[in-house]
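# Descriptive analysis of the structure
Here is how the chains run, residue by residue.
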Amino acid sequence: MRKIDLLFAEYAQSHQNETNKLIHWICAPLIFWAILGFFSLIPAPHFFLKYFGAISIASLVAIFLVSVFYFRLSWRIALIMVVIMLLFEHFIYFINITFGSKSWIIYLAVFVLSWIGQFYGHKIEGRKPSFLKDLQFLLIGPIWLLHFILKKFHLKY
């Protein structure tokens, strides 16, 4: 069995309850987005891309490092996640332009409320979050959701 399948199986053990799964479908992507938002606020040079907006070098480094982790598991998932992260960055740029120096409040609110949701889901589930056992599960959550979408469309991951 491939490493990614083993990680998905282990992650799934603490995500059996339908309410917990639904909460994760909402909160896991929001947490991922908020973390990328925090990276965008690190003082660093930005690149401006026409029709996209600006993206910071700090964000690009974060995207690169996460992508390396994903590429080691599945090149298909990694490529899809790069696209998703760049789409997230587009919306992050909109938040940063709209709220300026107060955009961190948006990211913090989304981050905190989403984690409250995640822990509530695990309280319903009756099991601890997987990342308490192994931190790599913080990055597995978003692709665990993605693998369901790929399976639905009969696409290999």
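Below is a summary of the structure that appears in this document.

About the criteria used
Within every chain, residues take consecutive numbers counted from 1 along the sequence as written. Where local features are concerned, this predicted model is filtered to residues with pLDDT of at least 70; where side-chain atom pairs are given and counted, the filter is 80 or more; whole-chain, interface and lining totals use all residues. Side-chain measures were taken over the full set of non-hydrogen atoms in the model, leaving aside hydrogen atoms and water. Only DSSP runs of H or I reaching four residues or more are called helices, and only runs of E reaching two or more are called strands; each is numbered from the N terminus. As used in this structure description, the phrase polar contact means that two N or O atoms lie within 3.5 Å; if the pair is within protein, one of them must be able to donate a hydrogen and the other to accept it, and residues adjacent in sequence are counted only when both atoms belong to side chains. Definitions used for this entry: grid spacing 1 Å over protein atoms alone; cavity, a set of points where a 1.4 Å probe fits but cannot get out; pocket, an open set with protein on both sides within 12 Å along at least 5 of 7 lines; lining residue, one with an atom within 4 Å of a point. Grid points are joined across faces, edges and corners, and a volume is the space filled by probe spheres set on the points. Polarity classes work like this: nonpolar for Ala, Val, Leu, Ile, Met, Phe, Trp, Tyr, Cys and Pro, charged for Asp, Glu, Lys and Arg, and polar for all others, with Gly in that last group. Whenever a carboxyl oxygen of Asp or Glu lies within 4 Å of a side-chain nitrogen of Lys or Arg, that contact is scored as a salt bridge.

### With respect to the side chain of Ser74
Position of Ser74 relative to the elements: it lies in the loop between helix H3 (57-73) and helix H4 (75-99). For Ser74, the side chain forms a polar contact with the main-chain oxygen of Tyr157, separated by 2.2 Å.

### Focus: the layout of surface pockets
Of the volumes computed, that of the largest pocket is approximately 470 Å³. Counting only elements with at least two residues in the lining of the largest pocket, the list comes to helix H2 (18-40), H3, helix H5 (103-125) and helix H6 (137-152). Tallying contributions element by element places H2 first for the lining of the largest pocket, with seven residues. For the lining of the largest pocket, the class distribution of residues is 22 nonpolar, seven polar and no charged.

### Focus: the pattern of salt bridges
In total, this model carries three salt bridges according to the counting rule given. The salt bridge involving Glu18 is made with Lys21; its shortest N-O contact spans 3.4 Å. Of this pair, Glu18 and Lys21 both sit in helix H2, separated by three residues, roughly a single helical turn.

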